[in-house]
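Commentary on secondary and tertiary structure
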Amino acid sequence: MPKLLSIATVLLATIALTASPAQADPVPPAPVPVKATADFQEALFTPVAGVLDFEETADGIKVAGEFKKGFASDAPSDYQLVVLDNAEVILDFTKDFQKVAEIEAAEVTTFEFVTKTKQKIADIRNEDVVVRQLVDVAAGIKVQAEIGRAKVQKTEVR
């Protein structure tokens, strides 16, 4: 009986060592990142034109984009970038946007940042992304003026 047990052990070891790696479970593909886009179109009273792309990351939401026109002030601190659900701010990108925005001749050059948040693209999809500017209306008095608005839409994955 011990000899039979040794033969069985050798056979099992041989089968295990010679098994094709193709028989092993394949590695699942990496998950496709969730993405969305907001396309700003210049219109009457909303001079901003440009595109923002959103992508979920492990840390939050990555925003990449550029604006081709509509930024009258060269100071990033004069602008806010927020996502609104009706009039309520549901996600504020302002601080991260102000850190990376380079404004020259009414344009914002290509930029990218990640806002740390637990919110997902699904939370902002079909909501409005709004660009606001602090505007001088009188000596020392500034008000917020909306200068751009675009709907966050699902990006088709190719």
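Overview of the structure.

Here is what the cut-offs are and how they apply
Residues numbered from 1 in each chain as written. Predicted model: local features only at pLDDT ≥ 70, side-chain atom pairs only at ≥ 80, totals over all residues. Heavy atoms only, no water. Pairing = 2+ DSSP bridges. Helix = DSSP H or I, 4+ residues; strand = E, 2+ residues; numbered from the N terminus. Polar contact = N/O pair within 3.5 Å; in protein donor to acceptor, adjacent residues only side chain to side chain. Contact = heavy atoms within 4.5 Å. Patch = residues over 30% accessible without salt bridge, like charges linked within 9 Å, V, L, I, M, F, W, Y side chains within 5 Å. Areas by Shrake-Rupley, 256 points an atom, 1.4 Å probe, with all protein chains shown as cover. Salt bridge = Lys/Arg side-chain N within 4 Å of Asp/Glu carboxyl O. Lys, Arg positive; Asp, Glu negative; His and termini not counted. Charge placed at Lys NZ, Arg CZ, Asp CG, Glu CD. Phe/Tyr/Trp six-rings, centres within 6.5 Å; stacked < 30°, edge-to-face > 60°.

**Side note on the sheet that holds strand β8 (residues 128-138)**
Read across the sheet, nine strands follow the order β5-β4-β8-β9-β1-β2-β3-β7-β6 without closing on themselves; strand pairing throughout is antiparallel. Edge positions in the sheet fall to β5 (88-92) and β6 (103-104), since each of these pairs with one other strand and no more. Note: strand β4 (residues 79-85) against β5, four bridges, orientation antiparallel. If you follow L84 over to β5, its bridge partner there is V89.

**Some points on the pairing of strand β3 (residues 60-69)**
Two strands pair when backbone bridges link them, and strand β2 (residues 49-56) and β3 are joined in this way by eight bridges, in the antiparallel orientation. Across the sheet, residue E55 finds its bridge partner in β3, namely K62. Linkage of β2 to β3, two consecutive antiparallel strands, is achieved through a turn of three residues. Looking at chain direction, β3 and strand β7 (residues 107-116) are connected through seven bridges and run antiparallel. When the bridges of β7 are listed, G60 appears paired with K116.

**Description of the side chain of T117**
Residue position: T117 is located in the loop between β7 and α3 (121-124). Of the polar contacts made by the side chain of T117, one reaches the backbone nitrogen of Q119; its length is 3.0 Å. Apart from the residues within four sequence positions on either side, T117 is in contact with D59, G60, I61 and L91.

**A closer look at the environment of A145**
Mapped onto the fold, A145 is located in strand β9 (residues 141-154). A145 has contacts with V131, R132, Q133 and V135, leaving out every residue within four places of it along the chain.

**Remarks on a negative patch on the surface**
Judged by side-chain charge, D74, E102, E104 and E107 come together as a negatively charged surface patch. Its place among the elements puts E102 in the loop between α2 (94-100) and β6.

**Concerning the packing of aromatic side chains**
Think of a pair of aromatic rings as described by two things: how far the centres are apart, and how the planes are tilted against each other in angle. Summed over the entire model, instances satisfying the criterion amount to 10 aromatic pairs. Here the aromatic rings of F40 and F67 are separated by 5.3 Å at their centres, their planes lie at 70°, and the arrangement is edge-to-face. A residue pair is termed long-range when its members are at least 10 positions apart, and F40 in strand β1 (residues 35-40) and F67 in strand β3 qualify at 27 residues. Centre to centre, the rings of F67 and F97 are 6.4 Å apart; their planes meet at 85°, and the pair counts as edge-to-face.

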